[in-house]
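Survey of secondary and tertiary structure
The primary structure of each chain is shown beneath.
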Amino acid sequence: MTLKPTGSVTISIDGTDRSAKAPLIPGTLGPDVADIRKLYGDLGIFTFDPGYGGTAACDSKITYIDGDNGILLHRGYPIDQLAEKSSFLEVCHLLLNGELPNAAEKEAFEKGVLRHTMVHEQLRSFYNGFRRDAHPMAVICGVVGALSAFYHDSLDINDPDHRRISAFRLIAKVPTIAAWAYKYSIGQPFVYPRNDLGYAENFLYMMNAVPAEEYKVNPVLAKAMDRILILHADHEQNASTSTVRLAGSTGANPFACIAAGIASLWGPAHGGANEAVLKMLAEIGHKDNIPDFIAKVKDKNSNVRLMGFGHRVYKNYDPRAKIMERTCHEVLTELGIKDDPMLDLAMELERIALSDEYFISKKLYPNVDFYSGIILKAMGIPVSMFTVLFAVARTVGWVSQWKEMVEDPAQRIGRPRQIYTGAPQRDYVPVEKR
Ligand code: CMC
């Protein structure tokens, strides 16, 4: 996309007469961005931004976050409206194609995606290569990567039809692959997808059904799962999305890129946090132990963090966390769980943290993962599958961001620079002289 500057920033090297102008580019929303692409040519210097906290690595039309005010928009639509009124597949259309579909487009899109839910039968044998106690994230990382060995007819990233079909394949097949990773871990037969079911409903069906019995998915839980998927669908240039973009910038195929995204999502600072929250709550065990735990979190030498709290971008309540908390109450009511000790503990922990000066001064608020684990656990999803579920939902975000990047004529391979702080050039010394 052509970016139109509306001003410039002058960067000068103190004590010299050397300076350069960096064009200042406005976005539709958010702060202006100084375009420093020519800085090295003009001044012979790089910029330094480990963790990319102040660097825009791309321009994008997909998702916008205003972290100070706790706002998340997909293609301009607020997340709470989408979570309340839309469906996951409709949000997939929105993220991938830029607009909410009309009735005919919606039907065609849903049919288009859902007819790809089955996976190549030979892919089943991949599971047998894994130990039964393998973490399901390890399994889906491998099996999703292997898709590129099966679907040769959609690997040409320069062909729009291939891009569309591989996007459909990924969105449709990842739930099947994820549910099978779970079934493999508990030694139950794989359950084939059913295209007459909704997206979230089908996922719950493949997770919970067995061939020996009829299984009907609880519609309230299917709706809650659909909402959980919407809340995780995309989140701008986070670590896993940036991983997908970086992998994709080399021209790698989308299946390989999404496998890279899954690997990046796995870490406890990112998608692994939902699993870590439940482990943390189990460790705390009782409300009486919260003050001791908070003291540990505040101790710089302990390396203990309040999982599900804090965010690189949100310096306010994560809007997804609010919807997640509401959904949590709905699910527990539907399941007849009146008192959930885990939820009580989480709410008390949140209350104490939000009134503690440490968290207030650092602007640490609950993020999307704080309540999601409690809902998923109540729905009978095992803890090891929490991050997998995040990956199922985020696949559409990754694919949309990958597609946007591939379709951008200005796109080039991602290649950050560095400050080299190692040894200066020196001559090789033979081993007997060292
Ligand atoms: N508990 C205690 N202290 C914290 C926490 C936390 N959860 N998060 C940040 N801090 C402190 C941190 O110690 C630092 O203090 P100081 O300035 O005194 O050194 C300050 O707040 C800034 O932290 P940071 O590590 O520089 O912030 P970051 O933007 O690099 O990290 C984060 C963001 C999400 C990795 C971090 O907040 C964290 O580790 N949170 C817990 C893990 C978590 O819940 N992750 C899920 C994120 S949302 C879902 C997703 O996008 O994947």
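Above: the structure in question.
To start, this report covers the structure provided alongside it. (Residues numbered from 1 in each chain as written. Predicted model: local features only at pLDDT ≥ 70, side-chain atom pairs only at ≥ 80, totals over all residues. Heavy atoms only, no water.)

We now examine the overall build of the chain. Along the chain, the regular secondary structure elements total 18 helices and six strands. In terms of C-alpha radius of gyration, the chain reaches 24 Å, essentially the compact-globule figure of 22 Å for 434 residues. C-alpha atoms of the chain, sized along the principal axes, occupy 80 × 65 × 60 Å. On the chain, roughly 22100 Å² of surface is accessible, and the fraction owed to carbon and sulfur atoms is 52%. (Helix = DSSP H or I, 4+ residues; strand = E, 2+ residues; numbered from the N terminus. Rg over C-alpha atoms; globule rule 2.2 N^0.38 Å. Areas by Shrake-Rupley, 256 points an atom, 1.4 Å probe, with all protein chains shown as cover.)

Lining the immediate surroundings of the ligand are 22 residues, of which His-270, Lys-300, Leu-306, Arg-312 and Lys-362 lie closest. At 2.5 Å from an oxygen atom of the ligand is found a side-chain nitrogen or oxygen belonging to His-270. Within the side chain of Tyr-358, an N or O atom sits 2.9 Å from a nitrogen atom of the ligand. Residue composition of the shell around the ligand, by class: 11 nonpolar, six polar and five charged. (Near = heavy atom within 4 Å. Polar contact = N/O pair within 3.5 Å; in protein donor to acceptor, adjacent residues only side chain to side chain. Nonpolar A, V, L, I, M, F, W, Y, C, P; charged D, E, K, R; others polar.)

Any two side chains of opposite charge can pair, given that their charged atoms come close. Under the defined criterion, the tally for this structure stands at 17 salt bridges. Among the ionic pairs, Asp-153 bridges to Arg-169, the shortest N-O distance being 2.8 Å. One end of the pair, Asp-153, is in the loop between helix H6 (136-146) and helix H7 (160-186); the other, Arg-169, is in helix H7, with 16 residues separating them in the sequence. Residue classification places Asp-153 among the partly exposed residues on the basis of a relative accessible area of 48%. One salt bridge connects Arg-194 with Asp-196, and the closest N-O pair in it is separated by 2.7 Å. We classify Asp-196 as exposed; its relative accessible area is 58%. Each of Arg-163, Lys-403 and Glu-407 takes part in salt bridges that share partners, so that together they form one network. (Salt bridge = Lys/Arg side-chain N within 4 Å of Asp/Glu carboxyl O. Buried < 20%, exposed > 50% of the residue type's maximum accessible area, 1.4 Å probe, protein only.)

Two numbers describe how helix H15 (residues 341-354) lies on helix H17 (residues 369-378): the axes approach to 10 Å, and their chain directions differ by 175°. One finds that H15 runs roughly antiparallel with respect to H17. Facing Met-342, Leu-343, Ala-346, Met-347, Leu-349 and Glu-350 of H15, the residues of H17 in contact are Phe-370, Tyr-371, Ile-374 and Lys-377. (Axes fitted to C-alpha atoms, helices over the stretch in contact; angles between N-to-C directions. Parallel < 35°, antiparallel > 145°, perpendicular 65-115°, else oblique. Contact = heavy atoms within 4.5 Å.)

Take the sheet that holds strand E4 (residues 63-66) next. Strand order in this open sheet of three strands is E4-E5-E6, and the pairing throughout is antiparallel. Lying at the two open borders of the sheet, with one neighbouring strand each, are E4 and strand E6 (77-78). (Pairing = 2+ DSSP bridges.)

Met-280, Leu-281, Leu-349, Met-379 and Ile-381 are the most contacted members of the largest nonpolar core, which has 122 residues in total. Setting aside its immediate chain neighbours within four residues, Leu-349 contacts Met-280, Leu-281, Ile-284, Ile-290, Phe-293, Ile-294, Leu-306 and Phe-370. (Core = buried A, V, L, I, M, F, W, Y, C linked by side-chain atoms within 4.5 Å.)

When strand E1 (residues 7-12) meets strand E2 (residues 19-25), the two strands line up antiparallel, connected through six bridges. Each bridged residue has a counterpart across the sheet, and for Thr-10 the counterpart in E2 is Lys-21. Count of turn residues in the E1/E2 antiparallel hairpin: six residues, of which Gly-15 carries a positive phi of about 80°. Direction of pairing for E2 relative to strand E3 (residues 33-34): antiparallel, over a ladder of two bridges. Each bridged residue has a counterpart across the sheet, and for Leu-24 the counterpart in E3 is Ala-34.

Pairing is antiparallel across the open sheet formed by three strands, whose spatial order is E1-E2-E3. Sheet topology places E1 and E3 at the edges, where each strand pairs with a single neighbour.

Attention shifts here to H17. In terms of burial, H17 is largely enclosed, as eight of its 10 residues are buried. Turning to H17, its buried residues number three or more, namely Asp-369, Phe-370, Tyr-371, Ser-372, Gly-373, Ile-374, Ile-375 and Leu-376. Buried residues along H17 sit against helix H9 (219-231), helix H12 (273-284), helix H14 (319-334), H15 and helix H18 (386-406). Just downstream of H17, Gly-380 is the residue with a positive phi angle, here 90°.

Located in the positive-phi region is Arg-75, a residue other than glycine, with phi close to 50°. Mapping Arg-75 onto the fold places it in the loop between strand E5 (71-74) and E6.

With that out of the way, let us pick up the packing of aromatic side chains. This structure, assessed with the given rule, holds 15 aromatic pairs. Geometrically, the ring pair formed by Tyr-40 and Phe-46 is stacked, given 4.7 Å between the ring centres and 25° between the ring planes. The exposure class of Phe-46 is partly exposed, given its relative accessible area of 36%. Taken together, a centroid distance of 5.6 Å and an interplanar angle of 90° make the contact between Trp-180 and Tyr-192 edge-to-face. Residue Trp-180 is located in helix H7, and its partner Tyr-192 is located in the loop between H7 and helix H8 (199-208); the two are separated by 12 residues in the primary sequence. Since its relative accessible area comes to 36%, Tyr-192 is described here as partly exposed. Following the ring pairs from residue to residue traces out a cluster consisting of Tyr-127, Trp-180, Tyr-184, Phe-190 and Tyr-192. Lying over the aromatic face of Trp-180, Arg-124 brings its terminal NZ or CZ to 5.6 Å of the ring centre. (Phe/Tyr/Trp six-rings, centres within 6.5 Å; stacked < 30°, edge-to-face > 60°. Lys NZ or Arg CZ within 6 Å of the ring centre and 35° of its normal.)

Any link to function would need more than the numbers given here.
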